[in-house]
Amino acid sequence: MSLSVFVTRHLTPIAEEKLNSFCTPEYWPEDTPPPYEILLEKTRHADGLICLLTDAIDARLINQAENLKVISQVAVGVDNIDLQAAEARGIPVGHTPDLLTDATADLTFALILAAARRLGEAIDYARSGHWQTWGLTTLLGESVHGATLGIIGMGRIGQAVARRAQGFEMRILFTDLSAHPEREGEFGATQVTLETLLKESDIISLHVPLTPSTAGMIGADQLKSMKPHAVLVNAARGPVIDTDALVLALETGQIGYAALDVTDPEPLPPTHPLYKLPNALILPHIGSATRSTRDQMSLLAVDNLIAGLQGKPLPRAVARSTGR
Ligand code: GLV
């Protein structure tokens, strides 16, 4: 009996080659996600599904997919998947952690540097002919070297950011759901309360998964308690920040700068006020977008799918309790 596998976008060629040698999958041919109704139709009789973070894999979809044996997501975050519904039906969910940790931490550092040193504005300044001379007070930013970095969420990516921050001789503060004395030792970091981190950090970087308890965790009150020159960086998930509150905080100078690789909503519409602010830098969710990382993620997603279809444990299954 042949297996029916739906893949919601083309994978990288090396991963497609591997998958095509195992079965004859159907790939959604477009660059944009399949509309929800089509996703329902394509999964109704599918044995396996490879999906991206832009696909809503909700309880309705999971419950109507009568033959589904495995859901394999090409990402580490799985907030688009109803894990409880999958668990209730005994469908394992795979994801692609670790492989993208360094690429995402690199991009986080690019955001930190770009925001603190106002690279977006400086590029526009040079390009638009405003560069008349070397100016003593032109385009002054904030020092990254020696600054206090607050890492919210000291998991895999948070730790990789801390490792990079050590090279910049930063003072590192962090928060996490559990106590991590060993991470304090490893990174010369201090675990503090969120309140202390927000008050004392020059640069604040978010590395928490999106869950009901992290949604909106950076709202008006948290923004108010940050330093006026604070740089807020988000390479985690957009809804962790209350976007309207952030726009207000940037407009009124409550904080200095926001550098976001993720937004709420995604994509951020071109008319959104965030684009008009000189102290906001927006990227289109490219944290893990390096050629080798995306190859590895796609290959692991294929391995997770194949294992699930064969009834074997997935190489990287989502931990049930945490979604990580
Ligand atoms: C990207 O955001 C991911 O979760 O892998």
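None of these values were measured; they are calculated from a predicted model.

Criteria and thresholds
Residues numbered from 1 in each chain as written. Predicted model: local features only at pLDDT ≥ 70, side-chain atom pairs only at ≥ 80, totals over all residues. Heavy atoms only, no water. Pairing = 2+ DSSP bridges. Helix = DSSP H or I, 4+ residues; strand = E, 2+ residues; numbered from the N terminus. Contact = heavy atoms within 4.5 Å. Axes fitted to C-alpha atoms, helices over the stretch in contact; angles between N-to-C directions. 1 Å grid on protein atoms, 1.4 Å probe; cavity = no way out; pocket = protein on both sides within 12 Å on 5 of 7 lines; lining within 4 Å. Points joined across faces, edges and corners; volume = space filled by probe spheres on them. Nonpolar A, V, L, I, M, F, W, Y, C, P; charged D, E, K, R; others polar. Buried < 20%, exposed > 50% of the residue type's maximum accessible area, 1.4 Å probe, protein only. Domains from an automatic or database assignment. Buried area = accessible area lost by both parts, 1.4 Å probe. Salt bridge = Lys/Arg side-chain N within 4 Å of Asp/Glu carboxyl O. Polar contact = N/O pair within 3.5 Å; in protein donor to acceptor, adjacent residues only side chain to side chain. Near = heavy atom within 4 Å. Areas by Shrake-Rupley, 256 points an atom, 1.4 Å probe, with all protein chains shown as cover. Parallel < 35°, antiparallel > 145°, perpendicular 65-115°, else oblique. Left-handed = near helix turned anticlockwise from the far one by under 90°.

Examining the sheet that holds strand β2 (residues 26-27)
Taken in spatial order, the 5 strands line up as β2-β1-β3-β4-β5 in an open sheet, and their pairing is parallel. Sheet topology places β2 and β5 (93-94) at the edges, where each strand pairs with a single neighbour. Across the sheet, helix α12 (residues 291-309) touches β1 (5-7), β3 (48-51), β4 (70-73) and β5, and the angle it forms with β4 is around 175°.

Some points on empty space enclosed by the protein
Evaluated as defined, the whole model comprises 1 cavity of 30 Å³ or more. For the lining of the largest cavity, the residue count by class is 5 nonpolar, 4 polar and 1 charged.

As for unusual backbone geometry
Cis peptide bonds are those with omega within 30 degrees of zero, and the linkage from D264 to P265 qualifies with 10°. Tracing the sequence through the fold places P265 in the loop between β11 (257-260) and β12 (280-282). With an omega of -10°, the peptide bond running from E266 to P267 counts as cis. Along the polypeptide, P267 turns up in the loop between β11 and β12. Phi is positive for L139, close to 55°, though the residue is something other than glycine. In this fold, L139 is placed in the loop between α6 (119-127) and β6 (148-152). The phi angle at H285 is positive, at roughly 55°, despite the residue not being glycine. Within the element layout of this structure, H285 appears in the loop between β12 and α12.

A look at the side chain of S72
Locating S72 in the fold gives a position in strand β4. Under the relative-accessibility criterion, S72 is labelled buried at 0%. Those residues in contact with S72, other than ones at most four positions away along the chain, are L49, I50, C51, G94, A301, N304 and L305.

Some points on the domain arrangement of the protein chain
When cut into domains, the protein chain gives domain 1 (5-99 + 291-309) and domain 2 (101-131 + 138-282). A C-alpha centroid distance of 31 Å is found between domain 1 and domain 2. Across the boundary between the two partners, domain 1 contributes 8 residues, which contact 5 residues of domain 2. When domain 1 packs against domain 2, close to 590 Å² is buried across both sides, 44% of that on carbon and sulfur atoms. Here domain 1 and domain 2 share 2 salt bridges between them. For R156, the salt bridge identified is with D98, shortest N-O distance 3.8 Å. Counting across the domain 1 and domain 2 interface gives 2 residue pairs in polar contact (both at pLDDT 80 or more). Here the residues of the side of domain 1 that touches domain 2 sort into 4 nonpolar, 2 polar and 2 charged.

Observations concerning the site of the ligand
Neighbouring residues of the ligand: L53, A75, V76, G77, L100, R237 and H285. One of the backbone nitrogen or oxygen atoms of V76 is found 2.8 Å away from an oxygen atom of the ligand. The separation between an oxygen atom of the ligand and a polar side-chain atom of H285 is 2.7 Å. Notes on the ligand: free accessible area 190 Å², of which the protein chains cover 88%.

A closer look at the packing of helix α1 (residues 13-20) against α12
Packing of α1 against α12 brings their axes to within 8 Å, and their N-to-C directions diverge by 15°. It follows that α1 is roughly parallel to α12 by the angle criterion. In the crossing of α1 with α12, the sense of the turn from one axis to the other is right-handed. Here α1 contributes I14, A15, K18 and L19 to the contact with α12, which in turn contributes D295, S298, L299, V302, D303 and L305. Partitioning the contact of α1 with α12 into residue classes produces 6 nonpolar, 1 polar and 3 charged.

What about the sheet that holds strand β9 (residues 203-206)?
What holds strands together in a sheet is hydrogen bonding between their backbones, with the strands either parallel or antiparallel. Pairing within the open sheet is parallel, and its 7 strands lie in the order β8-β7-β6-β9-β10-β11-β12. Each edge of the open sheet carries a strand with a single partner, namely β8 (189-191) and β12. For this sheet, the mean angle separating the axes of adjacent strands, direction not counted, is 15°. Both β6 and β9 contribute to a ladder of 4 bridges, which runs parallel. Across the sheet, G150 pairs through a bridge with I204, a residue of β9. In the packing of helix α7 (residues 156-167) onto the sheet, contacts are made with β6 and β7 (171-175), and the angle to β6 comes to roughly 170°. Most of the contacts of helix α11 (residues 243-251) go to β11, to which it runs at about 140°, and overall it touches β10 (231-234), β11 and β12.

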